[in-house]
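The lines below spell out each chain.
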Number of protein chains: 2
Amino acid sequence: MREMKDFFEPESVAVVGASRTPGKGGHTIVSNMLEFGFSGRLYPVNPAAGEILGLEVYRSVADLPEPPDLVVAVLPRSQTVDLIKECAAAGVKSVIIPAAGFSDAGDEGRRLEREVMDIARPAGMRVMGPNSIGTVSTGSGLATSIVTLDRLKPGGVSVFGQTGMFASGLARWINTSEYFGVRKIACLGNKADVDENDLLEHLAVDDGTRVIGAYTEGVRDGVRFARALKHAASRKPVLIMKSGRTEIGRRAIASHTGTLAGAEEIYSGTIEGSGAVRVSDFEEMFDCAKAFEWLPLPRGNRVGIVSITGVGCVLSADAAGRFGLELPRLTEATIAVMRDSLPDWAPASNPADIWAGIESLGAEATYNKVAPAIASDPSIDMLVAIFTLIPESSLDVAGLFAALKEEHPEMPLAAVLMAGEADMHLEWKKSLELMGVPAYTSPERALRALGAMWKYAKRSA
Amino acid sequence: MREMKDFFEPESVAVVGASRTPGKGGHTIVSNMLEFGFSGRLYPVNPAAGEILGLEVYRSVADLPEPPDLVVAVLPRSQTVDLIKECAAAGVKSVIIPAAGFSDAGDEGRRLEREVMDIARPAGMRVMGPNSIGTVSTGSGLATSIVTLDRLKPGGVSVFGQTGMFASGLARWINTSEYFGVRKIACLGNKADVDENDLLEHLAVDDGTRVIGAYTEGVRDGVRFARALKHAASRKPVLIMKSGRTEIGRRAIASHTGTLAGAEEIYSGTIEGSGAVRVSDFEEMFDCAKAFEWLPLPRGNRVGIVSITGVGCVLSADAAGRFGLELPRLTEATIAVMRDSLPDWAPASNPADIWAGIESLGAEATYNKVAPAIASDPSIDMLVAIFTLIPESSLDVAGLFAALKEEHPEMPLAAVLMAGEADMHLEWKKSLELMGVPAYTSPERALRALGAMWKYAKRSA
């Protein structure tokens, strides 16, 4: 456990290959660490010495005032073996290797990767990578990514896997388009040493991590993986994305990270048996992550739907069938309340199509009457409200959900912002998600996330 | 044919139930028609007479200076039967009924709907609805939607189906988030008379319609539907979304539009056999619509991929397997060109992961070298370029695609904007789509659209 801790909460970090040139990876890491406000001691290392971004530069690892808890080796692959020797001699126990060109690149690369591990292992050194873009920990202000990052919002979602995207493009996406916070990120690259199993075992017992998201192209130790996944999923939700579903995909994996993708059936069985949630892409991973991060677990699978549009009702119903959810009949008392907001002829049922009410009473009055009535119905475990962002549907959506949350703190609530104005989408999503109500662009996405929560809740019970 | 034409290109339109009160459907239609610049004669009808938005109001249909080509009946259901009688007497041949509360609302509603049709049919009158939000035709400036619309960009995509969303939320979505143009829209509602078959037959021979998108909850005349769908798909791409895939979904459909959803297997067989493309949601419909609208049909199924990120390559490869596409080996000449942009150790293959080149030469130089080389390879039929919107990947993306388009006018080109900055997404998407290059947020979405194009091209050949 201690070993993984140094990849996220080291007290001292050396950036070997630190650079004064903006745009170089060895400069970006130092500036990322300053941007994130790293709480430990930061040592740039470069034979040219001098100063980088106000920090004193050391000539070599041996020259450092202490053996650092973590070394980030921003060197070409040709200089990596020598550095690992130097680190071993200095007693360094954790190294991240961003360089590619190892087992992702043919026989010579594979040989070099073996050489690295032949030095690291006897020295008791743990290696993340090669081909690892780095780690992030919002708790300690660590950000070893070789790609420029802005400081991330802290939160309970930790993600890791065999892609540098987590500490580059996806981190920027989360920061500019999503409203959940991040705890830890690790990019595992070729997994010469540190792998999914290490991360699952670490994050399972990491108190600040409330939801785990993982991307894997294939694992080496399937028995340990099954155990680690099951253990982690027994403690918190684990969302796992496994590529290599098709033969063409499995071939592409071999050149990405040199991983054997393995048979799809074995993975699907292992994941299903573990209690983890399999997601098919990053969109689904984040859709589920925010639901698990923000919402209480549902007590049952019965969903109430209130929608401005009939097609929203139909698509919700189809999705409910697909994701193991039910749309129960409402009680007479609820229907009586709904009747007040609808013309006589309009059916009052679940899913509730309230367009006819909106036409006569307006969106504000109709949603504020019908949504609370459905949420209070004893036959409902979760509520989804569907909006279309047109002038006719304008209302105080934050006020509506604030009231629902206060009245039903134990109930998962989600919103669907279906079509309409692009600007209104950004505004409504922001106001809802800042209060912990996930907002999705389609009924399918909302019910898929709630279906995952129900499946997890049932197993945990 | 003439009959459908009056729902889109009437020379005169009467809005019965026109209102001076902003926010009322009968006011919105008049203002929409003015906003769209309707080229024909527009007659507001209301017993109170006077003036609405500068137009003279007539007291009744009988008072109009001519029998209008199209009547939009913005009245409560209780007044609808009398109006239909009045229209029949005046010789009106086409009526849109927005009011709900007919076969979507129990026995009494069904009885009223039958009564409407018992008057309309002997009079040779065609009825769209009830429960139809209206039609749009950008060619004639017609917009009978009861929901406020801004003027839509004209183009070759026509959409219709059993949801008011097409002439409300989805129209606003297309106008503010998408860059393809619209030809015709029709919301069919309960389909007491005008149905999918009428629209398919009309749009198949409508010259301005280059792509058809349809949403249906279930058809009544399956034999005519199979024939109409096959005929339309033989002339232009038809994207069809059919709900009611699950039992819960089929029950919800009955209360939405009073439609019998029918067995999923029959629809899937009919659609597959027709050559139409089945899409599962509106996102997929629009993803495919813009690909068909902007891109030439592929000559084969061999895709070249150039990507900043290895996971983009892997997910593309998985998607290629899923959607019937191939990622061929490149010729030696292409590989030789790629080698110039990549370090010695980096694999040069398809899909091409160019991160190592970007790290040393920058994104601009690397994409501009590798993408044209792959597009020129004789073993490639389509090209997908994958970007991650981070500072390190900044380049003149419009310049890159302008050069590719000029060099390969016959080749489908698509972009994937995978994660990264939200603002950059909006900018890049706009600059690419304004030049007719579809931009998707994931490799799966891009290859799904290209896979649909290949399937269609193969059948059309």
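Throughout, a residue's number is its position along its own chain's written sequence, starting from 1. Just so you know, chain letters begin at A and ligand numbers begin at 1, following the order they were written in. The model is predicted, so local features are restricted to residues of pLDDT at least 70 and side-chain atom pairs to those at 80 or more, both for listing and for counting; the totals for chains, interfaces and linings are taken over all residues.

1. Considerations on the domain arrangement of chain A
Residues and elements named next belong to chain A.
Then comes step 1: For chain A, the assigned domains are domain 1 (2–291) and domain 2 (296–460).
Then comes step 2: Throughout the structure description, domain borders are defined by an automatic or database domain assignment. Put simply, the middle of domain 1 and the middle of domain 2, counted by C-alpha atoms, are 39 Å apart.
Then comes step 3: Domain 1 puts nine residues into the contact, and the matching count from domain 2 is 14 residues.
Then comes step 4: Under the scheme used here, helices are H or I runs from DSSP no shorter than 4 residues and strands are E runs no shorter than 2 residues, and both carry numbers assigned from the N terminus. Take the side of domain 1 that touches domain 2: its biggest share by element is five residues, from helix α10 (residues 282–294).
Then comes step 5: Polar here means any residue other than Ala, Val, Leu, Ile, Met, Phe, Trp, Tyr, Cys and Pro, which are nonpolar, and Asp, Glu, Lys and Arg, which are charged; Gly is therefore polar. Here the residues of the side of domain 1 that touches domain 2 sort into five nonpolar, one polar and three charged. C-beta atoms are first placed from the backbone for all residues, and any pair lying within 7 Å is then listed as a contact.

2. Regarding the sheet that holds strand β18 (residues 413–420) of chain B
Then comes step 1: Only when DSSP finds a minimum of two bridges between them are two strands counted as paired. Read across the open sheet, the five strands follow the order β16-β15-β17-β18-β19 (chain B); overall the sheet is parallel. Two strands lie at the open edges of the sheet, namely β16 (352–353) and β19 (439–440) of chain B, each paired on one side alone.
Then comes step 2: Direction of pairing for strand β15 (residues 303–307) of chain B relative to β16(B): parallel, over a ladder of two bridges. Looking at the pairing, S307(B) lines up with D353(B) of β16(B).
Then comes step 3: Every axis in this analysis is a line fitted to C-alpha atoms, fitted for helices over the stretch in contact. Angles between the N-to-C directions lie between 0 and 180 degrees. Running over the sheet, helix α5 (residues 169–177) of chain A touches β17 (382–389) and β18 of chain B and is turned about 70° from β18(B).

3. Some details on the pairing of strand β11 (residues 182–187) of chain B
Residues and elements named next belong to chain B.
Then comes step 1: In this scheme every C-beta is placed from the backbone, and a residue whose C-beta has 20 or more other C-beta atoms within 10 Å is buried, one with 12 or fewer is exposed, and one in between is partly exposed. With six of six residues buried, β11 is to be regarded as a mostly interior element.
Then comes step 2: Pairing of strand β8 (residues 135–137) with β11, which is carried by three bridges, proceeds in the antiparallel orientation. Residue pairing in the sheet places T135 in a bridge with A186 of β11.
Then comes step 3: Pairing geometry for strand β10 (residues 154–161) and β11, over five bridges, is parallel. Of the residues in β11, the one forming a bridge with F160 is A186.
Then comes step 4: Of the crossover connections in this fold, the one passing from β10 over helix α5 (residues 169–177) to the parallel β11 is right-handed. Note on handedness: a crossover is taken as right-handed if, strands pointing away from the viewer, the path from the first strand over the helix to the second is clockwise.

4. Quick word on the relation of the copies chain A and chain B
Then comes step 1: Copies are brought into register by a least-squares superposition over C-alpha atoms of residues with pLDDT of at least 70 in both. Between chain A and chain B, which share one sequence, the superposing operator has a rotation angle of 180° and an axial displacement of 0.0 Å; the RMSD is 0.0 Å. Such values leave the two copies arranged in the relation of a two-fold axis.
Then comes step 2: Interface overlap between copies is the fraction of interface residues in one copy that are interface residues in the other; for chain A against chain B it reaches 100%, indicating a shared surface.

5. Comments concerning the interface of chain A and chain B
Then comes step 1: Contact with chain A, which involves 67 residues of that partner, is made by 67 residues of chain B.
Then comes step 2: Counting residues per element, the ones that place at least two in the side of chain A that touches chain B are α4 (106–120), α5, α8 (247–257), α11 (310–322), β17 (382–389), β18 (413–420) and α16 (422–433) of chain A.
Then comes step 3: The greatest single-element share of the side of chain A that touches chain B, amounting to ten residues, is contributed by α11(A).
Then comes step 4: For the side of chain A that touches chain B, the class distribution of residues is 28 nonpolar, 23 polar and 16 charged.

6. Digging into the sheet that holds strand β7 (residues 126–128) of chain A
Residues and elements named next belong to chain A.
Then comes step 1: Taken in spatial order, the five strands make up an open sheet running β2-β1-β5-β6-β7, and their pairing is parallel. The sheet is open, and its two edges are formed by β2 (41–45) and β7, each paired on a single side. Sheet twist, expressed as the mean angle between neighbouring strand axes with direction ignored, is 20°.
Then comes step 2: Relative to β2, strand β1 (residues 12–16) runs parallel, the two being bridged by five bridges. In the strand pairing of β2, S12 is matched with R41.
Then comes step 3: Lying on the sheet, helix α2 (residues 25–36) is in contact with β1, β2 and β5 (70–73); it crosses β1 at an angle near 155°.

7. What to know about unusual backbone geometry
Residues and elements named next belong to chain B.
Then comes step 1: Across the junction of G129 and P130, the peptide omega takes the value -10°, indicating a cis bond.
Then comes step 2: Secondary-structure assignment places P130 in the loop between β7 (126–128) and β8.
Then comes step 3: Here the amide bond leading from N350 into P351 is cis, since omega sits at 0°, within 30 degrees of zero.
Then comes step 4: Along the chain, P351 turns up in the loop between α12 (332–339) and β16.

8. Some details on helix α15 (residues 397–407) of chain B
All names here are of chain B.
Then comes step 1: When α15 is considered as a whole, its buried residues turn out to be V397, L400, F401 and L404. Projection of α15 onto a plane perpendicular to its axis shows the buried side chains occupying an angular sector of 90°, all on one side. Turned more than 90 degrees away from the buried face of α15 sit G399 and E406, all of them exposed.
Then comes step 2: On its buried face, α15 is in contact with α14 (363–376), β17, β18 and α16 (422–433). In this description, one arc is meant: the one made by directions from the helix axis to the C-beta atoms.

9. Examining the packing of α12(B) against α14(B)
Two quantities define a packed helix pair, namely the angle between the axes and the distance from one axis to the other.
Residue and element names in this part refer to chain B.
Then comes step 1: Packing of α12 against α14 leaves a shortest axis separation of 9 Å and a crossing angle of 175°. With respect to α14, the axis of α12 lies roughly antiparallel. Each of T334, V337 and M338 in α12 lies in contact with α14, whose residues at this interface are K369, V370, A373 and I374.
Then comes step 2: Among the residues making up the contact of α12 with α14, the classes are represented as five nonpolar, one polar and one charged. The scheme is simple: roughly parallel for angles under 35 degrees, roughly antiparallel for over 145, roughly perpendicular for 65 to 115, oblique for anything else.

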